[in-house]
Amino acid sequence: MAVNQRLRALLTISDLDIVTCYPESIPPDIAGRARVRSLPLSRCQSSAALKTLLFTAEITFWSFIQRLLRRRYEVVYTIQDTS
């Protein structure tokens, strides 16, 4: 719940890209105003440990591509929930 409140607050100050393994967990009011992205390898894994490992690799690659494209973000907020 606290994460969703923070995302709503961030939406008031900036455009928002959300990169997640669980796009369906983003509330509709946030998803409707943000760009929700889900990376394919981690999304299709059922093992939490493997999902975390793949997501780490995918997000590193995604971030590298963003830098090559010269996309800069004013704010980067990260959270990893492994529960």
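This section reports on the structure supplied with the text. Computed from a prediction, not measured in an experiment: that's the story for all the values here.

Okay, a nonpolar patch on the surface next. Together, Ile13, Val75, Tyr77 and Ile79 make up an exposed nonpolar region whose accessible area comes to about 370 Å². Assignment of secondary structure puts Ile79 in the segment after helix H4 (48–68).

Counting residues in hydrophobic clusters, the biggest one holds eight residues: Leu7, Leu10, Leu11, Leu16, Ile18, Ile26, Ile30 and Ala34. The greatest single-element share of this core, amounting to three residues, is contributed by helix H1 (residues 2–13). If near-sequence neighbours (up to four positions away) are discounted, Leu16 is found in contact with Leu7, Leu10, Leu11, Ala34 and Arg35. Listed in part, the five residues of the second largest apolar core include Val19, Cys21, Leu39 and Phe55.

Right, let's get into H4. Since the α-helix advances by 3.6 residues per turn, residues separated by three or four positions end up pointing in the same direction. An ideal rise of 1.5 Å per residue puts 30 Å on 21 residues; H4 measures up with 30 Å between its terminal C-alpha atoms. When H4 is considered as a whole, its buried residues turn out to be Lys51, Phe55, Glu58, Trp62 and Gln66. Relative to the axis of H4, the buried residues are bounded by an arc of 85° and lie together on one face. Facing away from the buried side of H4 by over 90 degrees, the exposed positions are Ala49, Leu53, Thr60, Phe61, Arg67 and Leu68. Residues of H4 that are buried sit in contact with strand S1 (17–19), strand S2 (35–37) and helix H3 (40–43). Downstream of H4 by one or two residues, Arg70 has phi in the positive range, about 60°.

Quick look at the pattern of salt bridges now. Taken as a whole and judged by the stated rule, the model has three salt bridges. Taking the shortest distance from any N to any O, the salt bridge between Arg8 and Asp29 comes out at 2.7 Å. Pair noted here: Arg8 is in helix H1 and Asp29 is in helix H2 (residues 28–31), with a separation of 21 residues, a long-range link. Of the charged contacts in the structure, one is a salt bridge between Arg37 and Asp17, with a shortest N-O distance of 3.5 Å. Here Arg37 is found in strand S2, whereas its partner Asp17 is found in strand S1, with 20 residues between them in sequence. Its relative accessible area of 28% is what places Arg37 among the partly exposed residues. Given a relative accessible area of 16%, Asp17 falls into the buried group. One salt-bridge network, in which partners are shared between bridges, spans Asp17, Arg35 and Arg37.

How each quantity is defined
Residues numbered from 1 in each chain as written. Predicted model: local features only at pLDDT ≥ 70, side-chain atom pairs only at ≥ 80, totals over all residues. Heavy atoms only, no water. Patch = residues over 30% accessible without salt bridge, like charges linked within 9 Å, V, L, I, M, F, W, Y side chains within 5 Å. Areas by Shrake-Rupley, 256 points an atom, 1.4 Å probe, with all protein chains shown as cover. Salt bridge = Lys/Arg side-chain N within 4 Å of Asp/Glu carboxyl O. Helix = DSSP H or I, 4+ residues; strand = E, 2+ residues; numbered from the N terminus. Core = buried A, V, L, I, M, F, W, Y, C linked by side-chain atoms within 4.5 Å. Buried < 20%, exposed > 50% of the residue type's maximum accessible area, 1.4 Å probe, protein only. Contact = heavy atoms within 4.5 Å. Expected span 1.5 Å × (residues − 1). Arc of directions from axis to C-beta.

Geometric descriptors of this kind do not, in isolation, establish any biological role.
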